[in-house]
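Chain by chain, the residues:
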Amino acid sequence: MSAASVTTPANTEAPAHIEAMWGLSLLNLCVIDQGGHLVHANPAMVGLLGRSAEELGAAPMASFFEPEDIEAVTVAFAEGGQAPGTTHEAVLRYAHPETGIRWLRWSFTWSEGCFYAAAVDVTESRQAAGEAATRAAELEKLAEELARSNAELQSFAYTASHDLREPLRKVENYCQLISRKLGDDLDPKLEKYLNGAVGAARRMQAFIDALLDYSRVGKSEVRTPCSLKDVGELAVANLQMAIADRGAVVTVDEALPTIHGDPKRLEQLVQNLVSNALKFQKPDAVPTVDVVLEEVTDEHVTVAVRDNGIGIPEDRIHEVFEVFRRLHGRGEYEGTGIGLSTVKRIVETHGGRIWITSEVDVGTTFHFTLDATEPVAEATDAETDEAAA
Amino acid sequence: MLDKKETPLLVITDDDEEDRDLMAEALEATGCEAQIEFAADGVELLELLQRKHAEGIPTLVLLDINMPRMNGHEALEKLRAEDAYRVIPVVMLSTSGAQNDITSALRNGANAYVRKPGGFDDLVTAAEHIANFWLDLAERAAA
């Protein structure tokens, strides 16, 4: 067997222009003999394979490939040899002396006792495809985990709504039954204690309900066009009693636009923020709360709920949205400590974010953005999972 | 039959023993003098009806929904499919406020749906309504 040459195709007296093309070609070309040895390779192919023509010609081509692919190389070329004149393709792993494993896509044909072959390095697209596959697998795993945790949350929600409420109902019932049975024998102290137990049970009930509601934000919610002005006005109307009690002045900006969202949740969002603002007021001032439009862009609407209340110290602002976090004792300001966490989740499920600016003794402003773009048409199945108990 | 005319028979069907007792207490608090029997689920209710058949049918059945063996919906269907029991007034009494529970109870022939209240005072109010309306109605019918 002749030593491999890098100049002309095998057994041919190539015309000068063919020889020039062979040398110039950016394509990686070679000729392999019947025994599987490389006999000619153009400079591009020598560059691709990273071995000299002599080195390549010294052993069967298959031996330069990954051990796992050697059989595939042999089979591919054997099949190619049985069908002369037709083009065959194979992607095989070549062991490059410097850069390690390279994926090469081969295209070859058998003609007159030789294989004429071209190869392209497809390692990068292979790796990208491999990474994409890995990422897809990871995503799928994440989706599975999410589905499982959602299912767990659902069963937690059922437990919360039924099993946790049930004993509280009993506590309330028995306390009231005792006070009935005692009738006139019930001394004021005992009555106070029983009422205390009933009050505690009811607070726990409210707490469970709020937590349950929090856990449901973002689940199977509707997206319909809703006027933020209407939503704001509804929220304020719901708080009429509290507003009157505190002699507060609450305004809703006429300029608030219409966006796509869940009207019930957006109403709850504004209502919780206004109710929060009404709660943390200075005793000596007329409470004012303004729901105002701050900015409209193609992507987002920014709304602010501004009050003249007690304000939040800067170092505690980050605690405001934590579930269960109360910045004040229950005696001072009532509430479950879940309302603002629910607010944050509602904003996030509407593609927005929420932040606070505040000054102690001057007031607090909750700013939030909401996605203002049209939602992608998507079938949403409205779920009717009312608190079954 | 004689017995029934004098004191109405009321069956409280609930798997929760505490709830059965509380309801009986609430009925007693209203001054209702019905004879009260208990059943822990749909199966026990049907057995009780069969056993009592000779004396007559109950004046009123209170039926919880979530119960083992045979739940309230299934028990109600069985009652309404049986000629002898079809006319018994049934009041569903459940903690569930789920629309599908209410709808299917009424569709299956419940005469009323009462959600179990949180406190005993409210339970007495519910018992008052039940006793005044359904037991009174039965008394008038018998008179």
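Residues numbered from 1 in each chain as written. Chains lettered and ligands numbered in written order. Predicted model: local features only at pLDDT ≥ 70, side-chain atom pairs only at ≥ 80, totals over all residues. Heavy atoms only, no water.

Caption draft 1: Structural detail: the overall build of chain A. Counting secondary structure elements, chain A contains 11 helices and 12 strands. Considering only contacts in chain A between residues 6 or more positions apart, those separated by 24 or more positions represent 60%. As displayed, chain A has an accessible area near 21400 Å², and 56% of this comes from carbon and sulfur atoms. (Helix = DSSP H or I, 4+ residues; strand = E, 2+ residues; numbered from the N terminus. Contact = heavy atoms within 4.5 Å. Areas by Shrake-Rupley, 256 points an atom, 1.4 Å probe, with all protein chains shown as cover.)

Caption draft 2: Seen up close, the overall build of chain B. Assigned secondary structure in chain B consists of six helices and five strands. Looking at chain B as a whole, 52% of its 143 residues are labelled buried. About 6900 Å² of surface is accessible on chain B, with carbon and sulfur atoms providing 47% of the total. (Buried < 20%, exposed > 50% of the residue type's maximum accessible area, 1.4 Å probe, protein only.)

Caption draft 3: Main features of the sheet that holds strand E7 (residues 249-252) of chain A. All names here are of chain A. Ordered by their spatial adjacency, five strands build an open sheet running E7-E9-E10-E12-E11, and the pairing between neighbours is mixed. If you trace the sheet from one side to the other, it starts and ends with E7 and strand E11 (354-359), each paired once. On average, each strand axis in the sheet is tilted by 20° relative to the strand beside it, whichever way the strands run. In terms of strand pairing, strand E9 (residues 288-296) meets strand E10 (residues 300-307) through seven bridges, oriented antiparallel. Within E10, the position partnered with Glu-295 by the bridge is Thr-302. Contacts between helix H10 (residues 263-279) and the sheet are confined to E7, E9, E10 and strand E12 (363-371), with E12 contributing the most and set at about 170° to the helix. (Pairing = 2+ DSSP bridges. Axes fitted to C-alpha atoms, helices over the stretch in contact; angles between N-to-C directions.)

Caption draft 4: Just the nonpolar core, in detail. All names here are of chain A. Leu-269, Val-274 and Phe-368 are the most contacted members of the largest nonpolar core, which has 38 residues in total. Per-element tally for this core: the top contributor is H10, with seven residues. Contacts of Val-274, omitting those with residues within four sequence positions, involve Leu-239, Val-250, Val-289, Val-291 and Val-305. (Core = buried A, V, L, I, M, F, W, Y, C linked by side-chain atoms within 4.5 Å.)

Caption draft 5: Spatial organisation of the pairing of strand E4 (residues 90-94) of chain B. Residue and element names in this part refer to chain B. Burial within E4 is extensive, with five of its five residues counted as buried. What you see with E4 is no split at all: Val-90, Met-92 and Ser-94 on one side and Val-91 and Leu-93 on the other are buried throughout. One ladder, built from three bridges, connects strand E3 (residues 60-63) with E4; its direction is parallel. By the bridge assignment, Leu-62 is partnered in E4 with Val-91. What joins E3 to E4 is helix H4 (residues 72-81), and the crossover it makes is right-handed. In the sheet, E4 pairs with strand E5 (residues 112-115) via four bridges, with the strands oriented parallel. Looking at E5, one finds that Leu-93 is bridged to Val-114. (Right-handed = clockwise from strand over helix to strand, strands pointing away.)

Caption draft 6: Focus on the interface of chain A and chain B. Taken residue by residue, the interface counts 16 residues in chain A and 22 residues in chain B. At the boundary of chain A with chain B, total buried surface from both sides reaches about 1600 Å², with 42% on carbon and sulfur atoms. Scanning the region where chain A abuts chain B turns up five salt bridges. One salt bridge in this structure joins Arg180(A) and Asp121(B), with 3.1 Å as the shortest N-O distance. The tally of links from chain A across to chain B stands at nine residue pairs in polar contact (both at pLDDT 80 or more). Here the side of chain A that touches chain B takes 10 residues from helix H6 (residues 165-182) of chain A, the largest share from any one element. (Buried area = accessible area lost by both parts, 1.4 Å probe. Salt bridge = Lys/Arg side-chain N within 4 Å of Asp/Glu carboxyl O. Polar contact = N/O pair within 3.5 Å; in protein donor to acceptor, adjacent residues only side chain to side chain.)

Caption draft 7: Main features of the side chain of Thr13(B). All names here are of chain B. The topology assignment puts Thr-13 in strand E1 (residues 9-13). Relative accessible area serves as the criterion here: at 2%, Thr-13 is assigned to the buried category. Ignoring any residue separated from it by four or fewer positions in sequence, one finds Thr-13 in contact with Ala-39, Asp-41, Gly-42, Leu-45, Val-61, Leu-62, Leu-63, Asp-64 and Met-67.

Caption draft 8: A look at unusual backbone geometry. Positive phi outside glycine occurs at Asp361(A), with the angle close to 70°. Positive phi is not limited to glycine here, since Arg69(B) has a value of about 60°.

Caption draft 9: Inspection of the pairing of strand E5 (residues 114-121) of chain A at higher detail. All names here are of chain A. Taken together, the six bridges between strand E1 (residues 28-33) and E5 define a ladder with antiparallel strand orientation. Bridge pairing in E5 places Asn-28 opposite Ala-119. Bridge count between strand E4 (residues 100-111) and E5: eight bridges; the pairing is antiparallel. Within E5, the position partnered with Leu-104 by the bridge is Asp-121. Here E4 folds back onto E5, and the loop between the two strands holds two residues, one of which, Glu-112, carries a positive phi near 50°.

Caption draft 10: Structural context of the packing of aromatic side chains. Residues and elements named next belong to chain A. Under the counting rule described, the total for this entry stands at five aromatic pairs over all chains. Ring geometry for Phe-321 and Phe-366: centres 6.1 Å apart, planes at 80°, overall edge-to-face. One end of the pair, Phe-321, is in the loop between E10 and helix H11 (339-349); the other, Phe-366, is in strand E12, and 45 residues separate them in sequence. Grouped by ring-pair contacts, the aromatic residues Phe-65, Tyr-94 and Trp-106 constitute a single cluster. (Phe/Tyr/Trp six-rings, centres within 6.5 Å; stacked < 30°, edge-to-face > 60°.)

Caption draft 11: Up close: the side chain of Arg80(B). Residue and element names in this part refer to chain B. Take Arg-80: it is sitting in helix H4. Within the structure, the side chain of Arg-80 is placed 3.0 Å from the side chain of Asn-111, a separation counted as a polar contact. With near-sequence residues (within four places) excluded, Arg-80 lies in contact with Tyr-85, Arg-86, Ile-88, Pro-89, Val-90, Asn-108, Gly-109 and Asn-111.

Caption draft 12: Summary view of the sheet that holds E5(A). Residues and elements named next belong to chain A. Across the sheet, five strands lie side by side as E2-E1-E5-E4-E3; this open sheet has antiparallel pairing. Strands at the two margins of the open sheet, each flanked by one partner only, are strand E2 (38-41) and strand E3 (87-96). Taking each pair of neighbouring strands and ignoring which way they run, the sheet shows an average axis angle of 30°.

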